[in-house]
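Below are the chains, spelled out letter by letter.
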Amino acid sequence: MKEYLTVALTKGRLVSDALSLLEKAGCAEKGIFDRNSRKLIFTDETHKMRFFLSKAQDVPTYVEAGAADLGVVGADTVLEEKRRVYEVLDLRFGACRMCVCGAPSAKKLLDARSIVRVATKYPAIAREYFYNERQQTVDIIKLNGSVELGPMVSLSDVIVDIVETGTTLKENGLEVLAEICPLSARLIVNQVSMQMETERIRSLIGRLKEQVEADD
Ligand code: PRP
């Protein structure tokens, strides 16, 4: 048995909800993360857990490789990265939608089934949606952020991106043209850890599940 279970947490928007859920569920010591510190890994001796923060796209990489036993990451990243990990629990926070968005005039282009140019941080999700679900040929342009710029500077006709409050779209004259899927934070588990540390991991999933349901 390992001394510590290691959890990779996604930096940014999801981190405070993830930590508060772990604390409330009794899986992490209160205040385990010191935001003023430059330390990368935080050890919780009480629960025999280790936590670290990483970029969203890297969380499934750490978990697939077994460098982390568990990970907390958005469903968008799980779908895009397609890593061999178990997705075991919908944590329900970080709720948002993956959508096709653009200027209102772009709706006609989409419906006409012409070859539209799609800017996105999520090429795999966009490809799956357009090629498999809509059976529509598109040009996919990979961007790394501020994707809304795509249609605004005529790089693309539409975007495939996350919509949370809708403020970014509204402030830039864009709208949702089609919804692809709902998203939220997920708990993922390394496949070998699940076999080797079954009891500890099952108990952790159980406590988190109870807390998620209690918060609902
Ligand atoms: C995300 C997403 C949208 C925005 C949506 O971007 O890509 O741009 O948030 O949120 P809203 O509907 O509440 O306005 P993020 O802030 O993560 O930064 P990025 O554009 O650099 O990816």
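Residues numbered from 1 in each chain as written. Predicted model: local features only at pLDDT ≥ 70, side-chain atom pairs only at ≥ 80, totals over all residues. Heavy atoms only, no water.

Participant: Which residues make up the overall build of the protein chain, and what values go with them?
Facilitator: Helix and strand counts for the protein chain come out as 9 helices and 11 strands. Across the protein chain, contacts joining residues at least 24 apart in sequence account for 67% of those joining residues at least 6 apart. Within the structure as shown, the protein chain displays about 11,400 Å² of accessible surface, and the carbon and sulfur contribution to it stands at 48%. Put simply, the protein chain has 30 plus and 32 minus side-chain charges, and the middle of one group is 3 Å from the middle of the other. (Helix = DSSP H or I, 4+ residues; strand = E, 2+ residues; numbered from the N terminus. Contact = heavy atoms within 4.5 Å. Areas by Shrake-Rupley, 256 points an atom, 1.4 Å probe, with all protein chains shown as cover. Lys, Arg positive; Asp, Glu negative; His and termini not counted. Charge placed at Lys NZ, Arg CZ, Asp CG, Glu CD.)

Participant: Explain empty space enclosed by the protein residue by residue, including any values.
Facilitator: Scanning the entire structure with this criterion turns up 1 cavity of 30 Å³ or more. Of the pockets and cavities examined, the largest cavity occupies roughly 30 Å³. If you trace the largest cavity, you find it lined by Ala 18, Leu 21, Leu 22, Val 72, Leu 91, Phe 93, Leu 187 and Leu 208. The element best represented in the lining of the largest cavity is helix H1 (residues 15–24), accounting for 3 residues. Broken down by class, the residue content of the lining of the largest cavity amounts to 8 nonpolar, no polar and no charged. (1 Å grid on protein atoms, 1.4 Å probe; cavity = no way out; pocket = protein on both sides within 12 Å on 5 of 7 lines; lining within 4 Å. Points joined across faces, edges and corners; volume = space filled by probe spheres on them. Nonpolar A, V, L, I, M, F, W, Y, C, P; charged D, E, K, R; others polar.)

Participant: Can you explain the pairing of strand S9 (residues 158–163)? Please cite residues and give values.
Facilitator: Among the 6 residues of S9, 5 are classified as buried, and the element is accordingly described as predominantly covered. Sheet topology places strand S6 (residues 96–102) next to S9; 6 bridges connect them, and they run antiparallel. Its bridge partner lying in S9, Cys 101 is registered against Ile 159. Across 3 bridges, the pairing between strand S7 (residues 116–120) and S9 is parallel. When the sheet's bridge partners are listed, Ala 119 is paired in S9 with Ile 159. (Buried < 20%, exposed > 50% of the residue type's maximum accessible area, 1.4 Å probe, protein only. Pairing = 2+ DSSP bridges.)

Participant: So what's going on with unusual backbone geometry? Which residues, and what values?
Facilitator: Most peptide bonds take the trans configuration, and most residues that are not glycine carry a negative phi. Not every positive phi belongs to a glycine, and Ser 146 is a case in point at roughly 45°. Note on placement: Ser 146 falls in the loop between strand S8 (138–142) and helix H6 (149–152). The class for Ser 146 is exposed, based on a relative accessible area of 53%. Unlike most non-glycine residues, Ser 154 shows phi in positive territory, near 60°. Tracing the backbone shows Ser 154 in the loop between H6 and S9. Judged by its relative accessible area of 53%, Ser 154 is exposed.

Geometric descriptors of this kind do not, in isolation, establish any biological role.
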